[in-house]
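# Fold and geometry: a report
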Amino acid sequence: MEVLSTPGLATVQDFGRFGSLRFGVGTAGAMDHLALAAGNLLLGNEDGAAAIEVPLFPFKARFDADNSFALTGGGCGARLGGRALLPWSVHAARAGEELLLSPAPGVPGSRAYLALPGGVDVPEVLGSRSTQLRGVFGGQCGRALQAGDKLAARGASPGLAGYGLEPPGVALPLLADGTPGVRVIPAAEYERFTEASRAAFWAGEWKITAQSDRYGYRLAGAALAFEAPVEMLSHGIVPGVIQVPPNGQPIIQMRDAQPSGGYPKFGTVIEADLWRLAQAPAGSRIRFVETDWNRALAAAEALRGWLEEVGRLCDLIRCSALGRRP
Amino acid sequence: MTAAERVRVLSETLEGTSIGLLELTTPEETIRLRRGDTSHPPPLAAIEPSMRAHPPGLVTAPCPGVFRTAHPAQDGPLAQAERHVAAGEAVGLVQVGPLLVHIAAPASGVVGEVLAENGATVGYGTPLLRLQEERA
Amino acid sequence: MTPAISLLGTTALLFEAPGHCELASQQRIWALARVAERWPEVREAVPGMNNLMLVFAAPPRDLAGFEARLRAAWDGAEPLPLEGRVVELPVTYGGETGPHLQDVLDHTGLCLDELVERHTAPLYPVFALGSHPGYCYLGGMDARLATPRRAVPVLRIPGGAVSIGGAQTGVSASDGPSGWNTIGHTSIRFFDPGRSPPALLAPGDSIRFRVQAVTR
């Protein structure tokens, strides 16, 4: 597959790079793990195969051979050789056909994932194929994709097409008073914010500002105030941690976040809800829902359950002739 | 894979899904699996390939499930009278648990009468809509 | 005083040792990391400054039991004396490559010469790596140099930037955002993903800054 045009920031990502935090290497990885996992299940790929994450449109690519691919995530419309494509589905491309992902304001989500049979074939670096933008390694030469980049699939085309999934945003909705919600476990410095700020954090709506990317989401809302100035020692952090710099406007760490930080932490968006955040567009509003350890584990269990059922049904459809195009 | 092996694989696959009944038809054989647990809700779906011919212009369900006239993540219906579609584009969906099986237009054309209602439970071969094919 | 244990969602847990960040305490953190990284629930044990993050391979069902095991391991942790190598870094202080030098002088009330002298005097032990690939958190900074992190993080500072954040100093290993105050610049390659280990320095190594130039 050859990238024909992209406005930038499209990267190769798998679930991320684990085990190198102690060298200062953040995990990176797909912003929306659920969309990545679903794309791989649709194609029968192994868990954690690398796909292309596309956050900006239009993105145009050409298939140089007949191949199946899965399109998951959201935020765009899709056409292949002039045919409209359904989202969250497996499609079959003929050699020479062009895939166009174009802006579609009415479509929910903000990032699309393009999965190929066997995953995208880029070298594994420190145990992962994810692009480490800060370290300039992994993925396609450690950088975002550019026009002219050629990406191969690691597996042979299974010749599948014609089925997809109900998007998880529909199957697993989470709304707080009608606004998209994410669940948060309070973190170490929670009690050091004023009581009024703590109440406002849970009660208010937070706008995801335009200064939001794979590193972090900068939010705008009622400024959070500390009881007293807090100066901290550097410590490990993970994607989802909500840091509050002295200006009181929270920053949620995302997949390209540094593996350590020193701003006070209000809480952490649970891993099971990071995919919701990944698909919340800049300019949209979210709300935070307080949760705890056991309920967060149950949320992770619910996701696992959804993926397991998806996996079984995808296996089933590949067993039947239904998913096979003549 | 022998028939016995296929039955074993399918049984394992069925385990843990919301599907209570599975019917798989291939050119060689038809396999029917049903859960032992009779208290299980009625089968959401069984899956079998579209092997039988039907009248030209009539689009039928490729498998049992719930007919969807629109995709949940897209504006505008797929199955709507007078909608123009290119060959291969979806004119509707059959939902089987979390799966959405595409109903692809066999040729370019215009959607005519939509025969099944959105949300209707359909069986294999249930007429869904008519498609007026355009001559190439 | 007892250690503080807090959650980072269900992904990780943060253990913060009591007291100040000193080498002896940090050596116990290194020892605790060696113990905890062998536990089946733990994917990686990541030392910070007087703290340890444990990233879960699988979140423990019995969180209270896990925390109790961690506290017991800390109580039993003897300082692990790691003796590494010393790396000397020539630094250009101030000018275009030290844009926040004046802020540090204003905050500390020191004059430029005093600041440079106090910054180049110590041998800085590498306490931990973090922030970005190859970046070292150093102990040993003169407390008089302490300057709060910036109210709004800077979106891009260059690799080689020598900076102060709170009671710590460090050198950026590559271009990127930072909330620290940049006072100077040095040139060295801290990280190579093709090398094993990929980072130039490890906990137990030390850095010394040498004056190359001072731009007034």
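No experiment lies behind these values; they were computed from the predicted model shown. (Residues numbered from 1 in each chain as written. Chains lettered and ligands numbered in written order. Predicted model: local features only at pLDDT ≥ 70, side-chain atom pairs only at ≥ 80, totals over all residues. Heavy atoms only, no water.)

Next up on the list: the overall build of chain C. When you go through chain C residue by residue, the secondary structure sums to 4 helices and 13 strands. Since a compact globule built from 216 residues should have a radius of gyration of about 17 Å, the 18 Å found for chain C is in line with a globular shape. In terms of principal-axis extent, the alpha carbons of chain C reach across some 60 × 40 × 35 Å. Per-residue burial for chain C yields a buried fraction of 55% across its 216 residues. If you take every contact in chain C between residues at least 6 apart in sequence, the share linking residues at least 24 apart comes to 62%. Here chain C holds 18 positive side-chain charges and 21 negative ones, and the gap between their average locations is 4 Å. (Helix = DSSP H or I, 4+ residues; strand = E, 2+ residues; numbered from the N terminus. Rg over C-alpha atoms; globule rule 2.2 N^0.38 Å. Buried < 20%, exposed > 50% of the residue type's maximum accessible area, 1.4 Å probe, protein only. Contact = heavy atoms within 4.5 Å. Lys, Arg positive; Asp, Glu negative; His and termini not counted. Charge placed at Lys NZ, Arg CZ, Asp CG, Glu CD.)

Turning to helix α2 (residues 63-75) of chain C, a few remarks are in order. The end-to-end C-alpha distance of α2 of chain C is 19 Å, a good match for the 18 Å that 13 residues give at a rise of 1.5 Å each. Within the span of α2 of chain C, buried status applies to L63, F66, E67, L70, A73 and W74 of chain C. An end-on view of α2 of chain C places all buried positions within 120° of arc, on one side of the element. Away from the buried face of α2 of chain C by more than 90 degrees, exposed residues A64 and D75 of chain C are located. Among the structural elements, α5 (293-319) of chain A together with β1 (4-8), β2 (12-16), α1 (23-36), β3 (42-47) and β4 (51-56) of chain C are those in contact with the buried residues of α2 of chain C. (Expected span 1.5 Å × (residues − 1). Arc of directions from axis to C-beta.)

So, about the environment of G26 of chain A. Residues and elements named next belong to chain A. Residue placement: G26 occurs in the loop between β2 (11-13) and α1 (33-43). Overall, G26 belongs to the buried group, its relative accessible area being 3%. Other than its neighbours up to four places away in sequence, G26 contacts R17, L21, Q132, A257 and P259.

As a further point, take the interface of chain C and chain A. Contacts between the two partners involve 51 residues from chain C, matched on the other side by 45 residues from chain A. When chain C packs against chain A, close to 4,000 Å² is buried across both sides, 62% of that on carbon and sulfur atoms. Contact with chain A buries area across many residues of chain C, yet T10, E44 and R149 of chain C alone supply 15% of it, more than any other trio. Linking chain C to chain A there are 2 salt bridges. Run the count over chain C and chain A and you get 19 residue pairs in polar contact (both at pLDDT 80 or more). Of all the secondary structure elements, the ones that give two or more residues to the side of chain C that touches chain A are β1, β2, β3, β4 and β11 (176-178) of chain C. Here the element with the most residues in the side of chain C that touches chain A is β4 of chain C; it accounts for 4 residues. In terms of residue class, the side of chain C that touches chain A is made up of 28 nonpolar, 16 polar and 7 charged. (Buried area = accessible area lost by both parts, 1.4 Å probe. Salt bridge = Lys/Arg side-chain N within 4 Å of Asp/Glu carboxyl O. Polar contact = N/O pair within 3.5 Å; in protein donor to acceptor, adjacent residues only side chain to side chain. Nonpolar A, V, L, I, M, F, W, Y, C, P; charged D, E, K, R; others polar.)

Turning next to the packing of α1 of chain A against α5 of chain A. All names here are of chain A. Axis separation between α1 and α5 bottoms out at 8 Å; the angle between their running directions is 20°. One element, α1, and the other, α5, form an angle in the roughly parallel class. Helix-helix and strand crossings are classified by hand; for α1 and α5 the assignment is right-handed. Taken together, the residues of α5 that come into contact with α1 (itself represented by L34, A37, A38, L41, L42 and L43) are L303, W306, L307, V310, G311, C314 and R318. Split into classes, the residues belonging to the contact of α1 with α5 amount to 11 nonpolar, 1 polar and 1 charged. (Axes fitted to C-alpha atoms, helices over the stretch in contact; angles between N-to-C directions. Parallel < 35°, antiparallel > 145°, perpendicular 65-115°, else oblique. Left-handed = near helix turned anticlockwise from the far one by under 90°.)

The next thing to look at is the nonpolar core. Membership of the largest hydrophobic core comes to 98 residues, with the highest contact counts inside it found for I252, F266, V269, L277 and F288 of chain A together with F15 and L54 of chain C. Tallying contributions element by element places α5 of chain A first for this core, with 11 residues. Leave out the neighbours within four places in its chain, and F266 of chain A touches P186, A187, Y190, F193, R198, F201, W202, L224, I242 and V244 of chain A. Counting 32 residues, the second largest nonpolar core, distinct from the first, contains V25 of chain A together with V87, L89 and L105 of chain C. (Core = buried A, V, L, I, M, F, W, Y, C linked by side-chain atoms within 4.5 Å.)

All names here are of chain C. Taken domain by domain, chain C comprises domain 1 (4-75) and domain 2 (86-215). Spacing between the C-alpha centres of domain 1 and domain 2 amounts to 27 Å. Residue-level contacts link 8 residues of domain 1 with 11 residues of domain 2. For the pairing of domain 1 and domain 2, the buried interface totals around 610 Å² over both sides, and the portion due to carbon and sulfur atoms is 79%. Area buried by domain 1 at its contact with domain 2 is led by L23, W30 and M49, which between them contribute 70% of it. (Domains from an automatic or database assignment.)

Looking now at the sheet that holds β4 of chain C. Residue and element names in this part refer to chain C. One open sheet holds the 4 strands; their spatial order is β1-β2-β4-β3, and the pairing between them is antiparallel. Two strands in the sheet have a free side with no partner beyond their single neighbour: β1 and β3. For this sheet, the mean angle separating the axes of adjacent strands, direction not counted, is 20°. In this structure, β1 lies alongside β2, joined through 5 bridges in antiparallel fashion. (Pairing = 2+ DSSP bridges.)

Moving on: the arrangement of the chains. Take the 2 pairs of chains in contact: the one carrying the most contacts is chains A and C. Contact between chain B and chain C is absent, and the least distance between their C-alpha atoms amounts to 22 Å.

The subject of this paragraph is the domain arrangement of chain A. Residues and elements named next belong to chain A. Along its sequence, chain A is organised into domain 1 (2-165 + 305-319) and domain 2 (175-291). With centres defined by C-alpha atoms, the gap from domain 1 to domain 2 works out at 28 Å. The interface of domain 1 with domain 2 comprises 24 residues on the first partner and 18 residues on the second. Across the domain 1/domain 2 interface, buried area totals approximately 1,500 Å², and carbon plus sulfur atoms make up 52% of it. When the buried area of domain 1 at its contact with domain 2 is split by residue, M31, D32 and R111 rank highest and sum to 33% of it. Linking domain 1 with domain 2 are 1 salt bridge. At the surface where domain 1 touches domain 2, the tally comes to 10 residue pairs in polar contact (both at pLDDT 80 or more). Residue assignment for the side of domain 1 that touches domain 2 shows that the elements contributing at least two residues are β2 and α1. Looking at side-chain class alone, the side of domain 1 that touches domain 2 contains 8 nonpolar, 12 polar and 4 charged residues.

So, about the pairing of strand β13 (residues 206-215) of chain C. Residue and element names in this part refer to chain C. Sheet topology places strand β5 (residues 86-94) next to β13; 9 bridges connect them, and they run parallel. Counterpart to V91 in the pairing with β13 is V211. Two elements, strand β6 (residues 124-129) and β13, share 2 bridges in a ladder whose sense is antiparallel. Opposite Y124, over in β13, you have I207 as the bridge partner.

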